Amino acid sequence: AEGDGFDYKSSSKFASHMAGKSEAVSEFAKSRTIAQQRTSLPIYSVRDELMRIIADNQIIVVVGETGSGKTTQMTQYLMEDGYA
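How each quantity is defined
- Along every chain, residues carry numbers that run from 1 in the direction the sequence is written.
- Confidence filtering applies because this is a predicted model: local features only for residues at pLDDT of at least 70, side-chain atom pairs given and counted only at 80 or more, and all residues used for totals across whole chains, interfaces and linings.
- The basis for every side-chain value is the complete set of heavy atoms in the structure, and neither hydrogens nor water enter the calculation.
- The pLDDT value expresses, per residue, how confident the predictor is, ranging between 0 and 100.
- Here a helix means four or more residues in a row that DSSP labels H or I, a strand means two or more in a row labelled E, and each is numbered from the N terminus.
- Throughout this description, the term salt bridge denotes a Lys or Arg side-chain nitrogen within 4 Å of a carboxyl oxygen of Asp or Glu.
- Partly exposed residues are those whose accessible area sits between 20% and 50% of the maximum for their type, while under 20% is buried and over 50% is exposed, using a 1.4 Å probe and protein chains only.
- Contact criterion: two residues are considered in contact whenever any of their non-hydrogen atoms come within 4.5 Å of each other.
- To obtain each axis, a line is fitted to C-alpha atoms, and for helices this fit is confined to the stretch in contact; angles are then taken between N-to-C directions over 0 to 180 degrees.
- Roughly parallel refers to an angle under 35 degrees, roughly antiparallel to one over 145, roughly perpendicular to one between 65 and 115, and oblique to any angle outside these ranges.
- Note: crossing handedness is left-handed where the near helix turns anticlockwise from the far helix by less than a right angle, and right-handed where it turns clockwise.
- Classification convention: Asp, Glu, Lys, Arg as charged; Ala, Val, Leu, Ile, Met, Phe, Trp, Tyr, Cys, Pro as nonpolar; all other residues, Gly among them, as polar.
- Put simply, a nonpolar core is a bunch of buried Ala, Val, Leu, Ile, Met, Phe, Trp, Tyr and Cys residues held in one set by side-chain atoms that sit within 4.5 Å of each other.

Keep in mind that low pLDDT regions are not for reading the predicted coordinates in detail. Confidence along the protein averages 86 in pLDDT terms, with 83% of residues attaining 70 or more. Taking the mean pLDDT of every element in the protein, the minimum, 69, falls on helix H1 (residues 14-18) and the maximum, 96, on helix H4 (residues 47-56).

Scanning the entire structure with this criterion turns up four salt bridges. Put simply, Arg47 and Glu80 hold a salt bridge, and the shortest N to O gap is 3.1 Å. In this pair, Arg47 sits in helix H4 while Glu80 sits in helix H5 (residues 70-80), placing the two residues 33 residues apart along the sequence. Judged by relative accessible area, Glu80 falls into the partly exposed class, the value being 40%. The partner of Arg52 in a salt bridge is Asp56, and the shortest N-O contact between them spans 3.7 Å. Here the residue Arg52 and the residue Asp56 both occupy positions in helix H4, the gap between them amounting to four residues, near one helical turn. The partly exposed category is assigned to Arg52, whose relative accessible area is 45%. Overall, Asp56 belongs to the exposed group, its relative accessible area being 54%. Bridged by salt links that share partners, the residues Arg38, Arg47, Glu80 and Asp81 form one connected network.

Along the polypeptide, Ala84 turns up in the segment after H5. Among residues more than four places away in sequence, those in contact with Ala84 are Leu78 and Met79.

This part is about the packing of H4 against H5. Contact geometry of H4 with H5 gives a least axis separation of 11 Å together with a crossing angle of 65°. Relative to H5, H4 is oriented roughly perpendicular. In the packing of H4 onto H5, the handedness of the crossing is right-handed. On H5, the residues that touch Arg47, Leu50, Met51 and Ile54 of H4 are Met74, Tyr77, Leu78 and Glu80. For the contact of H4 with H5, the residue count by class is six nonpolar, no polar and two charged.

This next bit is on the nonpolar core. General note: in soluble globular proteins, nonpolar side chains tend to be found buried as a group. Membership of the largest hydrophobic core is limited to six residues, which are Ile43, Leu50, Met51, Ile54, Met74 and Tyr77. Listed by contribution, the elements that provide at least two residues to this core are H4 and H5. Among the elements that make up this core, the one with the highest residue count is H4 (three residues). Those residues in contact with Tyr77, other than ones at most four positions away along the chain, are Arg38, Ile43, Tyr44, Arg47 and Met51.

Structural data, given as structure tokens:
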């Protein structure tokens, strides 16, 4: 309850878990720029076609393998093309 003096956030371990973990962990991430990483994702090869389909349709369904860039890159593409 509010005002009971107990700090519920003090038991949260997320902040301490994330402390000092801002560097890349994979050799791939360490050796390539973000731009190089983005262009290596499978979705990059269909970016122009995907954006044309989005412009031409109100609803689309995108299916792709895990790690293909559906979530991370599609949102970037939409922002870059002025949808956000």
